[in-house]
Amino acid sequence: MIPAFDAFCGLGGWSTAAVRSGRVHVAHAINHAPHAIEAHAAAHPTTEHHLQDIAEFDFGSVGDAVRGGILFASPSCKGDSSAGRPARKGAGGNAPPNIAAMMRAHKGQRSLALHVIAAAEALQPAVVLVENVAGMREGVLYPLWLDMLRALGYTVREHLLNAKDYGAATDRERLIVTAARGGPIDLAPSWEGAQGPRTVGGCLDPDSHTGNRWHSVASKPDRMQRLIRSRQERAGFRRGILNNVGDGVRLRPLADLSPTLTTKSGSQLMLVDGDRVRILNPLELARMMGWQDSEVALPHNRGVASVLIGNAVPVPLAAGVLAQTLASGAA
């Protein structure tokens, strides 16, 4: 088995992909959040878990177990689309970037992409696979970050991929960076090896499921009632998925994809069925991100579960990226 380290492991999208591959074992995983480690450990009991700020972790202590394998990393996406703005605030956006100010602006975020470099240097994996929002490329430090990977001996490739093109039931565009010592890993724009449902309707519990929390539309606040009725009328049907906030709110047919899930989808994504409505439950959201029920262990708190799901790597996307990585012979 090829050893792997899952940095910023969260709910375990990369780790689940590793299990599905049958060829990769995640030997170690780290996260600073107790609920993330608890959920990941429940689903991946053979992995050694580290509840710790990655900035304080000694990667050298696990180097022998992971060296020559794969480093999975999904660092925090907060601030990545506007990394230079805190340093230029008050200067009309025209001042040179102030690196010290940028680092102070991100001080409270434990999942900085720079720790991927530290992990790669210490662990010496054959392959580094990084997932993030597309806006990561807009950060003023991003080109330097790529150069750091190259300086460590990796051939780097950047890919903008959508989870829907890899078989997930959600529209979720992501940046995937592949870095390999043995040559480039070039990923296809789509992948056909996904498991599980590919529509939002295929992810839902039956209407009769005892856990469903149905409410009448009439019981909702006036604003929500008007929103639901107007979207039903505009769509021309009365049953579908509605995201109740944001611009361009629409009622999606169950044969469609879910919108991009966020950390708040557990309170905002709902199934509308004529005159009744219910919020989707976390397991339904996890299915949209590509998990099978037996593969995931969700916290009982719906809000906490929603945060983990909204921050996760879609499993079909991770599985497709890993499958192509293994097929390339880079790992």
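As shown above, the structure is provided for reference.
The structure displayed is predicted, hence computed values, not measured ones.

Thresholds, definitions, all that
- Residues numbered from 1 in each chain as written.
- Predicted model: local features only at pLDDT ≥ 70, side-chain atom pairs only at ≥ 80, totals over all residues.
- Heavy atoms only, no water.
- Helix = DSSP H or I, 4+ residues; strand = E, 2+ residues; numbered from the N terminus.
- Buried < 20%, exposed > 50% of the residue type's maximum accessible area, 1.4 Å probe, protein only.
- Contact = heavy atoms within 4.5 Å.
- Areas by Shrake-Rupley, 256 points an atom, 1.4 Å probe, with all protein chains shown as cover.
- Pairing = 2+ DSSP bridges.
- Axes fitted to C-alpha atoms, helices over the stretch in contact; angles between N-to-C directions.
- Core = buried A, V, L, I, M, F, W, Y, C linked by side-chain atoms within 4.5 Å.
- Arc of directions from axis to C-beta.
- Expected span 1.5 Å × (residues − 1).
- Parallel < 35°, antiparallel > 145°, perpendicular 65-115°, else oblique.
- Nonpolar A, V, L, I, M, F, W, Y, C, P; charged D, E, K, R; others polar.
- Salt bridge = Lys/Arg side-chain N within 4 Å of Asp/Glu carboxyl O.

Engineer: Lay out the overall build of the protein in plain terms, naming residues and giving numbers.
Structural biologist: Counting its secondary structure elements, the protein contains 12 helices and 12 strands. Buried residues in the protein amount to 52% of all 331 residues. Contacts in the protein between residues at least 24 apart in sequence constitute 68% of all its contacts with a sequence separation of at least 6. As displayed, the protein offers around 14,400 Å² of accessible surface, 50% of which is attributable to carbon and sulfur atoms.

Engineer: I'd like to hear about the sheet that holds strand β10 (residues 251–252), residue by residue, with values.
Structural biologist: What the 5 strands build is an open sheet, ordered β8-β12-β11-β9-β10; its pairing is antiparallel. Lying at the two open borders of the sheet, with one neighbouring strand each, are β8 (215–216) and β10. Each of β9 (239–243), β10, β11 (269–273) and β12 (276–279) touches helix α8 (residues 222–235); the most contacted strand, β11, lies at about 65° to it.

Engineer: Residues and numbers for the nonpolar core, please.
Structural biologist: If you look at the biggest cluster of nonpolar residues, it comprises 30 residues, and the most contacted ones within it are Val-24, Ile-70, Phe-72, Val-127, Leu-129, Val-321 and Leu-322. Mapped onto this core, the elements with two or more residues apiece are β1 (2–7), α1 (13–21), β2 (24–31), β4 (70–73), β5 (127–132), β7 (173–180) and α12 (315–328). Examining the composition of this core, we find that 6 residues originate from one element, α12, more than from any other. Those residues within four positions of Leu-322 in sequence are excluded, and the remaining contacts are Ala-17, Ala-18, Ser-21, Val-24, Ile-70, Phe-72 and Leu-129.

Engineer: How would you explain helix α2 (residues 34–43) if you had to name every residue and give the values?
Structural biologist: Among the residues of α2, those classed as buried are Ala-36, Ile-37, Ala-39 and His-40. Down the axis of α2, the buried side of the element spans an arc of 165°, and every buried residue falls inside it. In α2, the exposed residues that point more than 90 degrees away from the buried face are Glu-38 and Ala-42. Among the structural elements, β1, α1, β2, β3 (48–51) and α11 (302–310) are those in contact with the buried residues of α2.

Engineer: Would you mind going over α12 in detail, with residue names and values included?
Structural biologist: An α-helical turn contains 3.6 residues, so any two residues separated by three or four positions project in the same direction. In this model, α12 (14 residues) spans 20 Å end to end at C-alpha, consistent with the 20 Å of a helix rising 1.5 Å per residue. For α12, a buried count of 11 out of 14 residues is recorded, marking the element as mostly surrounded by other parts of the structure.

Engineer: So what about the packing of helix α6 (residues 114–123) against helix α7 (residues 142–151)? Which residues, and what values?
Structural biologist: Relative orientation of the contacting elements α6 and α7 amounts to 0°, with a least axis distance of 10 Å. On the basis of the axis angle, α6 is roughly parallel to α7. Listed contacts from α7 to Leu-114, Val-116 and Ile-117 of α6 are Trp-145, Met-148 and Leu-149. Among the residues making up the contact of α6 with α7, the classes are represented as 6 nonpolar, no polar and no charged.

Engineer: Tell me about the sheet that holds β2, and name the residues and values.
Structural biologist: Here we have 7 strands laid out as an open sheet, ordered β3-β2-β1-β4-β5-β7-β6, and mixed in their pairing. What marks the edges here is a single partner per strand, and that holds for β3 and β6 (155–162). Across the sheet, the axes of successive neighbouring strands diverge by a mean angle of 15°, strand direction being ignored. Helix-sheet contacts for α7 involve β5, β6 and β7, and the interaxial angle to β7 is about 30°.

Engineer: Tell me about the pairing of β5, and please be specific about residues and values.
Structural biologist: Along any regular strand the residues' side chains alternate between the sheet's two faces. For β5, a buried count of 6 out of 6 residues is recorded, marking the element as mostly surrounded by other parts of the structure. Because side chains alternate across β5, one face comprises the buried residues Val-127, Leu-129 and Glu-131, and the other comprises Val-128, Val-130 and Asn-132, equally buried. Inspection of the sheet shows β4 paired to β5 by 4 bridges, in the parallel sense. From the neighbouring strand, Ile-70 faces β5, where its bridge partner is Val-127. Across 6 bridges, the pairing between β5 and β7 is antiparallel. By the bridge assignment for β7, Glu-131 is matched with Ile-176.

Engineer: How would you explain the pairing of β7 if you had to name every residue and give the values?
Structural biologist: Counting buried positions along β7 gives 7 out of 8 residues, so the element sits mostly inside the fold. As defined by bridge partners, β6 adjoins β7 across 8 bridges and the pair is classed as antiparallel. Opposite His-159, over in β7, you have Ile-176 as the bridge partner.

Engineer: Can you break down the pattern of salt bridges residue by residue, with the values?
Structural biologist: Throughout the structure, instances matching the rule amount to 16 salt bridges. Between Glu-295 and Arg-20 there is a salt bridge, with its nearest N and O atoms 2.7 Å apart. Highlighted residues: Glu-295 in the loop between α10 (282–288) and α11 and Arg-20 in helix α1, separated in sequence by 275 residues. Each member of the pair, Glu-295 as well as Arg-20, is classed as buried. One salt bridge connects Asp-207 with Arg-239, and the closest N-O pair in it is separated by 3.1 Å. Placement of the pair is Asp-207 in the loop between β7 and β8 and Arg-239 in strand β9, with a sequence separation of 32 residues. Residue Arg-239 is classed as partly exposed on the basis of its relative accessible area of 29%.

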